[in-house]
Structure formats: C-alpha cells, structure tokens
Amino acid sequence: MTDTQTEEPVKGKTYRTLGISVLLLLAVVIAGVWGTFKFVEEQRARDIRNWEIRLGIVADSRTASVEEWLRKQEQAIGTLATNASLQVYLTQLVIETSENGNAITEVPEAGYLINLLNNQAVISGFWEPEEPQVRANVSRPGRAGIALTDATGDLLVSSGSMPPLNSMIRAAMAKAGEGSAAFIDLYEGINGDPTLGFVWPVFAVQDEGSAKDIIGYVIGLRTVETSLFPLLFQPGDTLQTAENYLVRRDSNLVQYISPLADGTLALTRKLSAQKDLAAAFVIDNPGDFAISANYLGNKVLVTGRALSIAPWYLVRTVSEQEALSETDQRLQTMLGIFLLLIFAIAGTVVAVWRHGTSIRAAELAVRYKNIAERLKERSEFLKIVTDQQPTAIAVFDAEDKYTFANSVAAEEIDISQEEMIGKKATSVLGPSLAREIIEMTNLVRQDYEPRSIVSRLKSETEENPDRVIKSDFVPLRSARVNSKEVLTVFQDISDVVIAQERREDVLRNLVSTLVAFVDRRDPYSADQSRRVAKVAVAIAGEMDASEELVRTVDIAGNLMNIGKILVPPELLTKTKNLTKKEMSIIRNSLVASADLLEEVNFDLPITTTLRQLQENFDGSGQPNGLKGTEITEAARIIAVANAFVGMVSPRAYRSALGFSAAVKNLLEDADIRYDRRMVSALINYLENRGGREAWKYFSESVDQTPDKQEP
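Quick summary incoming for the structure in this document. (Residues numbered from 1 in each chain as written. Predicted model: local features only at pLDDT ≥ 70, side-chain atom pairs only at ≥ 80, totals over all residues. Heavy atoms only, no water.)

A few points about the overall build of the protein chain
Phase 1: Helix and strand counts for the protein chain stand at 20 helices and 16 strands.
Phase 2: Relative to its full complement of 711 residues, the protein chain shows a buried share of 43%.
Phase 3: At a minimum sequence separation of 6, the contacts of the protein chain that also span at least 24 residues come to 56%.
Phase 4: As displayed, the protein chain offers around 38500 Å² of accessible surface, 53% of which is attributable to carbon and sulfur atoms. (Helix = DSSP H or I, 4+ residues; strand = E, 2+ residues; numbered from the N terminus. Buried < 20%, exposed > 50% of the residue type's maximum accessible area, 1.4 Å probe, protein only. Contact = heavy atoms within 4.5 Å. Areas by Shrake-Rupley, 256 points an atom, 1.4 Å probe, with all protein chains shown as cover.)

Things to note about the environment of Ile-565
Phase 1: With respect to the helices, strands and loops of the structure, Ile-565 is situated in the loop between helix H13 (547-559) and helix H14 (569-572).
Phase 2: Separated by 27 residues in the primary sequence, Ile-565 and Ala-592 have C-alpha atoms spaced 9.3 Å apart.

Notes on the pairing of strand E9 (residues 289-293)
Phase 1: Counting buried positions over the five residues of E9 gives four, a clear majority of the element.
Phase 2: Two elements, E9 and strand E10 (residues 299-306), share five bridges in a ladder whose sense is antiparallel. For Phe-289, the partnering residue across the bridge sits in E10 and is Thr-303.
Phase 3: Between the end of E9 and the start of E10, which pair antiparallel, lie five residues, with Gly-297 showing a positive phi angle near 85°. (Pairing = 2+ DSSP bridges.)

Considerations on the packing of aromatic side chains
Phase 1: Across all of its chains, the model carries twelve aromatic pairs by this definition.
Phase 2: Consider the rings of Tyr-89 and Tyr-112, whose centres lie 4.4 Å apart with planes at 50°: the pair is tilted. Here the residue Tyr-89 occupies a position in helix H2 (residues 84-99), and Tyr-112 occupies one in helix H3 (residues 108-124), the gap between them amounting to 23 residues.
Phase 3: According to the relative accessible area criterion, Tyr-112 is partly exposed, its value standing at 33%.
Phase 4: Ring centres 5.6 Å apart and planes at 75° place the aromatic pair Tyr-256 and Tyr-295 in the edge-to-face group. Placement of the pair is Tyr-256 in strand E7 (residues 253-256) and Tyr-295 in the loop between E9 and E10, with a sequence separation of 39 residues. Just as Tyr-256 is buried, Tyr-295 falls in that class too.
Phase 5: Pairwise contacts between aromatic rings join Phe-644, Phe-659, Tyr-685, Trp-695, Tyr-697 and Phe-698 into one cluster. (Phe/Tyr/Trp six-rings, centres within 6.5 Å; stacked < 30°, edge-to-face > 60°.)

Considering the sheet that holds strand E4 (residues 194-203)
Phase 1: Pairing is antiparallel across the open sheet formed by five strands, whose spatial order is E2-E1-E5-E4-E3. Of all the strands in the sheet, the pair left with one neighbour each is strand E2 (155-158) and strand E3 (182-188). Between one strand and the next, the sheet's axes are offset by a mean angle of 20°, whatever the strand orientation.
Phase 2: Strand direction decides the pairing type here: strand E1 (residues 145-150) and E2, joined by three bridges, are antiparallel. Within E2, the position partnered with Thr-149 by the bridge is Leu-155.
Phase 3: Along the sheet, H2 contacts E1, E2, E4 and strand E5 (214-223); its crossing angle with E5, the most-contacted strand, is approximately 110°. (Axes fitted to C-alpha atoms, helices over the stretch in contact; angles between N-to-C directions.)

A look at the environment of Leu-610
Phase 1: For Leu-610, the location among the structural elements is in helix H16 (residues 606-611).
Phase 2: Judged by relative accessible area, which is 1%, Leu-610 ranks as buried.
Phase 3: A C-alpha to C-alpha distance of 6.7 Å links Leu-610 and Val-591, two positions 19 residues apart in sequence.

Brief notes about unusual backbone geometry
Phase 1: A cis amide bond links Gln-622 with the next residue in sequence, Pro-623, at an omega value of 10°.
Phase 2: Locating Pro-623 in the fold gives a position in the loop between H16 and helix H17 (633-648).
Phase 3: You will see that Ser-251, though not glycine, has its phi angle at about 60°, which is positive.
Phase 4: The topology assignment puts Ser-251 in the loop between strand E6 (243-250) and E7.

Structural notes on the pattern of salt bridges
Phase 1: Applying the stated criterion across every chain yields a total of 23 salt bridges.
Phase 2: The salt bridge partner of Lys-270 is Asp-250, with a shortest N-O separation of 2.5 Å. Of the two residues, Lys-270 is situated in strand E8 (residues 269-272) and Asp-250 in strand E6; the sequence distance between them amounts to 20 residues.
Phase 3: The salt bridge partner of Arg-611 is Glu-598, with a shortest N-O separation of 2.6 Å. Taken together, the residues Arg-611 in helix H16 and Glu-598 in the loop between helix H15 (580-596) and H16 connect sequence positions 13 residues apart. (Salt bridge = Lys/Arg side-chain N within 4 Å of Asp/Glu carboxyl O.)

Here we look at the packing of H2 against H3
Phase 1: Where H2 contacts H3, the axes come no closer than 9 Å and their chain directions differ by 140°. The angle between H2 and H3 falls in the class oblique. H3 is crossed by H2, and the crossing has left-handed handedness. Where H2 approaches H3, its residues Ser-85, Leu-86, Tyr-89, Leu-90, Gln-92 and Leu-93 are matched on the opposing element by Glu-109, Ala-110, Tyr-112, Leu-113 and Leu-116. (Parallel < 35°, antiparallel > 145°, perpendicular 65-115°, else oblique. Left-handed = near helix turned anticlockwise from the far one by under 90°.)

The following block contains the structure:
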C-alpha cells in the first residue's frame, strides 16, 4: 500500500473529527444565542402586554367620560323635545304662523318659547355668553344655541347667538324626520370653532310618535373647545409622550377631530388610512393593541375604543421609545452579558483546539508536500497517456485559460505544451476560433451538463477540402473552491461527414432522376412532385420545424408520385372526368410509391409518410383510419401541400382553380381532411411571404409553357 493510500484514512478521520467538533461548537453557540434572544424577546413581550393593559385602562376611562358628556348634551335637547308645554306652544305657533299668516312677534306663545330656550341653553351649555341676546324674531349668526323649527325645517324661534342652519344641520333634520334623535357631527363653526349638536323631533301632544305626527324640531348646537376636549386628558398622567385624541373616518382618509399634541388644531389634519397608521389601526380594530406610526410618523404603542353615540374613535398612544426605553436598555445589557459569556466560552474552546491541532497541522504539511510531489509524477504520467491519443485534448479554467493540453493540441497550432499553459484561448486560437469554444464552456459551467458541437472550418484554398471538427465539452468537478474547469476533446470527423454528404448527393440525384421519369409519363402533372415538395418545405418553415422534418417533407414530396409508373399512360392523360375505379388506381399509386421505396435506406421516415398521405385528420381516411396526431407531422404537411398544388394546377380533365378558391376549399376541410395548423401556415406564407407571386406559374397550362423548367 502506498503512502498516499495510508494517509487517506488518517486524513479522512482527522477531517471528520474536526468537522464534528466545529459542528458541535457551532450548535452550542447557536443554541446559546438563540436562547438568549428568545429570553430577551419574551421579557420584552411581557412588558408590552403590561403596557397594553395600562393604555386600555386610560382608553376606557376617557371613552366613558366623552360618552357621558355626549349623552348629557343629547338628553338636554331631548328634555325640551318631550316638554308638554313646548309641544303645546309650538303647535300653536305653527298654526298661527303657517295657517293664519301671523308674524312670530304677534304670537304670544313665541315669547314663552324664547325664554324657555334661553334658560335651557344657559343651563345645559348651549350658550355663548359673549354674544348679545337677540330678539324673538331675529336670527343673528352665533356660535351656539337652541332653535325650534316647524315640520318643514323653517326656523321659528331660537335662543340668543344661534348659528345659521347649514347643510350638516339640514341633513340631521332629515334623519330626525324618521322619528328619532339625530347627531350633528363635529364641524367648523362660523369662527372656526369645533361645533356639534343634536336634533330632536317634536310630536303633537298625545300623538303616537310616528313620523307623520312631527310638528317641528328642536336643534341644539354648542362649541366643544372648553367642554369636550379637556375630557381627553387623563388626570395624573405623568407620561411625557402619552396622548389621547379623537378621530373619525372620512372616505379613504382619517380625520383628527380633536387638538393634537404638536399644536394641530381640531378638524385640520387628514391622513391616508394606511395600515401602519395608528389611527387607522384603531378605526379598523377598535379594542386591539399594536405598535404603529402616529400622525408624525413616530413609532407608538396604540389602542383605542369606538364611541357608541358618535361615529368617533378614541385613540390612546405613547411613544415606543418612552414606553420601552427602560425595558430595552435592561434587556440589551442582559443580552450583551449573555453573548459575551457565550463567545468567551467559544473563544476559549477554539484557542484550546488550535493549540492542540497546531502540531498535527505541521505534520500534515509535510505529508501534503510529499503527496503534491507524487501528484506531480502522476500528472506527468497522465500527460504521456493523453499524448498517445489521436485527438486534441485540453482543459480550460473559469477564465478560459489553458490548464492542460496534450501534444496533439499543441501540434495543431504549432506551439509547445508548456507555452499554452496559462494562456487564454483567444490568444492561442485567435478570436474567431476561440469564440465558439468560450460560449460552450460558459454554458457547461452554468449547469455542469456535457455538450457537443460540430463545426466546419472553411479551407483557404480550393484544393484542400473543408475540415469538420466535433468538439466535446465535459465539466470537471473539483474539490477546490470556484474551480470550473472544462475538459475539451476535439475530433476531426471530416472524412465521415464528407462521405455522408456524398451519399446524400447520390440520393438527391436518384430522387431527381425518378421524378423526371414520372414527369415524362404525365405531361399534365409535370413538376407536380417538385411543387408539392416546394410548398411542403415552405409550410414546414412557417411552423419552425426541425431540419429532419424539413428534409423528410422535401424528399417524400418529390417521391410521392413514383408509383405512377405503374399507372397506364392513357389514364394519366385522359381529358374526361375519371371514373371511381380510375380515381382509385391514381390514389393507390401513393401506396405503390411507398412499396417501391421500401428497401431504400433513407435514414428518414419517407415510406411511413407516403403510406399516410391518404389518411384524414378526423380518422375517415385510409388505409388505417389514423386520426389527428396519430398521422405523422410530415404526412399532414404534404397532404395540405398536395391538395393545394393539385387544385391550383391544370389537369387533363379540368382547368386550374384560383389561389383564393383553393384556400377556401382547404379551410372548409380543415379539422376534417387536413390539420388546421398546416392550412394556417400555408395561408400565412401565401399572404405574408410572397407565396402568391412566387407560385403563380403553378396555374399555367402545359400548352402555355411546354418547355418551361421548374424555377
């Protein structure tokens, strides 16, 4: 056993032990780091849950205060609407003004109602003391007040300083017309003061309270700057960034309807209802808790509640930094200590391991040097072996530089093997020859799949034939990092290719001779086979067919009428309509063509194609009733080409059809006799590739061009 073979198990065992040790150390470090982070996250989550409770308590408290205040305002207006005296006097006032035509100042009940409204306004807060009191029948614009209207919404009497009736008030009156109180949502008053109100329907005395019994409405409006908004502040709140505010949905926006901590006035700020916006979160998820961005874009802890009386939402926030700064600082300190301990332990283990392996590393270095020398000897042996091969062999690295070349590769370019090593393919072979090699090596490096190409090198002189080179590219997998070497083997196959091309030339000449023989027997279908082959090749080209399919339709199209040598000449040149028996003889000539060519080795499905030319796409053809794709693609192409050429060419018993008429007939039989894809390809060639002009001579009679050769 050699030294190399002895060292391999030892080295393998060393690597396995080293690998296991590293994996265990990494597992311990990862487990420790993961456990530390998990503990820190759990502590942080616990503190966040505590903040959720604290914020929720404040949100509940402020929501209850706001709702209690709204309820009192609603009840203050509702008390007036259900006051029996007001109902009686309002009924009388409506009768005197609307039915009898008296002015409000002429109705004694008006004075009582004004006094009643003024007293209730002052008691309930629907009053602005700085505004002067107005007379009974005068309505001066103000900021707050209580008013009475008739059932149609016309103002009758009001308290002092009653604001004018705007569209929002009118909308609330329309809703109250259904028989219940309506809320006038917060809006900017005449002086920009935030204002809200309530509308209550007033029913006639002793009526049932249905919408038809409404005799008028009580409207109460008041400002909220000094009454409602102070309720948003939580008594005893010591947080610097804590904030409570009211919002409401405005289409796709969030409107802030109370003053904000940054000095923004009520009803002046609207923001898009984005998912990460704190106010939008509360609107979509009242009662839930999250960490979102406030109206300034700062991260905050947020919760909120929906109000039952108004379409508002109370939002309670506190900045994440203030709420969790102490927690984060404590947890970061704890995390730092834990991580230092983990990495200190890991560093100690690594230091001990490195000290223990340093001696072993020195021993291995000596052994690797010996191994490298032996590998060099083996490389020399490999070079001797490859130099005996008749083919050129080379290896290219990731930069397409030569890392190995045998003697044949060096001799072909008249350079020594040593000079080739380390040079790029372009500098050795030239840009034109190296381009194809570089493209293939790059493809092989991408997927590590072997590839082969055949290239023809043009001869510089007519005396010397062209050279045909087959190049094989094989990826070499290596244990070295970023090693993407590719083994290339260049084999000269010129003799094989030239022999094959000669056989194909002989075959082509044989086909041409047989076609010419058939054409002489039937002057009316002279060049029929060539034309069918030409049209079939055009159809295959339109379908982007393979080279093998194009060659198949070309040869089969040219040979399809060989069987006509068995048909009597008088039948081929008959000028009258053919009988069914005579038509059968003509059709059977296609099968006869296949029989005559059965023993010829074409390396292509020629005879199979000829036997299927009378099969129909729907399965109604003969001889085997094949259907759809059971028929070879070549047979389906030639069937369309043969039918087209037959229709547009004159015959002994009929004249030629026009191209349009022939296309119409083909489309009528598409999916019945013919594959529609082939018919479409033919039409595209006729209309878009100049087929009509190129093939217009198909329709010329034999008498017109007796000596014309096929283009």
